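# Structure at a glance
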Amino acid sequence: MNIQIIMNNYFKKNLVSVEDIKREDVDVLFNRADEMKRLVEEKGGDERLKNKILAALFYEPSSRTFSSFITAMQRLGGGFIPFNGMANTSVAKGETLEDTAKVFSTYADIIVFRHPEKGSSSQIARTSSVPVINAGDGIGEHPTQALLDTYTISKHFTSLNSLTIGMIGDLLNGRTVHSLAKLFVKLGIKNFIWVSPNLLKMPEEINNLVTRNGGKLVETEMLADVIGEMDVIYDTRVQKERFTDIAVYEKLKLACVINQDVMKKAKKTALLMHPLPRVGEISAEVDEDPRALYFREQIRNGLYVRMALLDLILNK
Ligand code: NCD
């Protein structure tokens, strides 16, 4: 089977949404991520992306996503243009996204893009002559986070289909949960529990996708009542930067806190995950719990999955 043909076809060059991913390509990507893990552990990396350049254009704060893309590129011998603060560049002079795309696709072979506006990644992908990876478009999507999270989960369960997935926190504004829910539906997962304050519920669009695909959905504000049913406990922070009234944020930010007592109610085999940063919604005392994977696995896997993606997209 010619993997390269499948991948090129699947991305149609760009990865702006989970909708760009085909079911069968997830396996291809995860196998390649396994290879990358071995490569990093054995040799630190290689030169397969020598002479390729990645432009990381970030208009919103980032630590993990930005640095893991840069690290991924470096471990494969490639170069990069690191703009973690695009708002301070020509954008401040009023340059449009379309013009920015034209400029950076002249320098680079791939653009990784983060921006506060939903839909901005597709906008830039339309003008760019090189592939674009969405690293977060406002409250829209964050597809590479969904891929690395699913890769992490796949290492713990033989089959994903029968899992009950819990998502907790700001489900309205959190782009990670939007992409992750879409990917889970694509992978045939049917059981979902959403836990959030009423004001921060999962968008209807995602709920409709779940039910249209035969999924079962429980929505509640009470984590303690449902945590015992979850195989994956995916927690997220309340997204302060999306609130116009900061008093509302202050009221909701710690509506749901996971501490040791809460974890006592969870399954022994459950996975506790978080895209990070966390700002109090998981107590530090929980970090030592063997079920807590955010520091232990998600960050490393983010590197392997992003190395695999860059290799599959760029290494023709
Ligand atoms: C997330 C993001 O930017 O959406 N961070 C990340 O990329 N790991 C989550 C968040 O900021 O809450």
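In short, a report on the structure. All of these numbers come straight from a predicted model, not from anything done at the bench.

### Some remarks on the overall build of the protein chain
Along its length, the protein chain carries 12 helices and 9 strands. Whereas a compact globule of 316 residues would reach a radius of gyration of roughly 20 Å, the protein chain reaches 19 Å, a difference of no more than 12%. Every one of the 316 residues in the protein chain was classed for burial, and the buried ones make up 56%. Look at the contacts in the protein chain between residues 6 or more apart in sequence, and 73% of them connect residues 24 or more apart. Surface accessibility of the protein chain: about 13,600 Å² in total, with carbon and sulfur atoms responsible for 51%. Of the charged side chains in the protein chain, 41 are positive and 40 negative; the average position of the first set lies 3 Å away from that of the second.

### Side note on the sheet that holds strand β9 (residues 271-273)
Within the open sheet, the 5 strands sit side by side as β7-β6-β5-β8-β9. Their pairing is parallel. Across the chains shown, the open sheet's two edge strands, defined by having one partner strand only, are β7 (216-220) and β9. Taking the axes of each pair of neighbouring strands and ignoring which way they run, one obtains an average angle of 15° across the sheet. In this structure, strand β6 (residues 191-195) lies alongside β7, joined through 5 bridges in parallel fashion.

### Examining the pairing of strand β4 (residues 132-137)
Judged by how many residues are buried, β4 sits mostly within the fold: 6 of 6 residues are covered. One ladder, built from 4 bridges, connects strand β3 (residues 110-115) with β4; its direction is parallel. Residue pairing for β4: H115 is matched across the bridge by D137. Tracing the backbone out of β3, into helix α5 (residues 120-127) and back to the parallel element β4 gives a crossover that is right-handed.

### Observations concerning the site of the ligand
The environment of the ligand is formed by T65, R114, H142, Q145, R175, T176, R237, Q239, P275, L276 and P277. T65 is positioned such that a nitrogen or oxygen atom in its side chain is 2.8 Å from an oxygen atom of the ligand. One of the side-chain nitrogen or oxygen atoms of H142 is found 2.8 Å away from an oxygen atom of the ligand. When the free accessible area of the ligand is taken as 320 Å², the share hidden by the protein chains comes to 94%. Tallied by class, the residues present in the shell around the ligand amount to 3 nonpolar, 5 polar and 3 charged. Mapped onto the domain boundaries, the shell around the ligand takes at least three residues apiece from domain 1 (3-142 + 300-314) and domain 2 (144-298).

Parameters and conventions
Residues numbered from 1 in each chain as written. Predicted model: local features only at pLDDT ≥ 70, side-chain atom pairs only at ≥ 80, totals over all residues. Heavy atoms only, no water. Helix = DSSP H or I, 4+ residues; strand = E, 2+ residues; numbered from the N terminus. Rg over C-alpha atoms; globule rule 2.2 N^0.38 Å. Buried < 20%, exposed > 50% of the residue type's maximum accessible area, 1.4 Å probe, protein only. Contact = heavy atoms within 4.5 Å. Areas by Shrake-Rupley, 256 points an atom, 1.4 Å probe, with all protein chains shown as cover. Lys, Arg positive; Asp, Glu negative; His and termini not counted. Charge placed at Lys NZ, Arg CZ, Asp CG, Glu CD. Pairing = 2+ DSSP bridges. Axes fitted to C-alpha atoms, helices over the stretch in contact; angles between N-to-C directions. Right-handed = clockwise from strand over helix to strand, strands pointing away. Near = heavy atom within 4 Å. Polar contact = N/O pair within 3.5 Å; in protein donor to acceptor, adjacent residues only side chain to side chain. Nonpolar A, V, L, I, M, F, W, Y, C, P; charged D, E, K, R; others polar. Domains from an automatic or database assignment.

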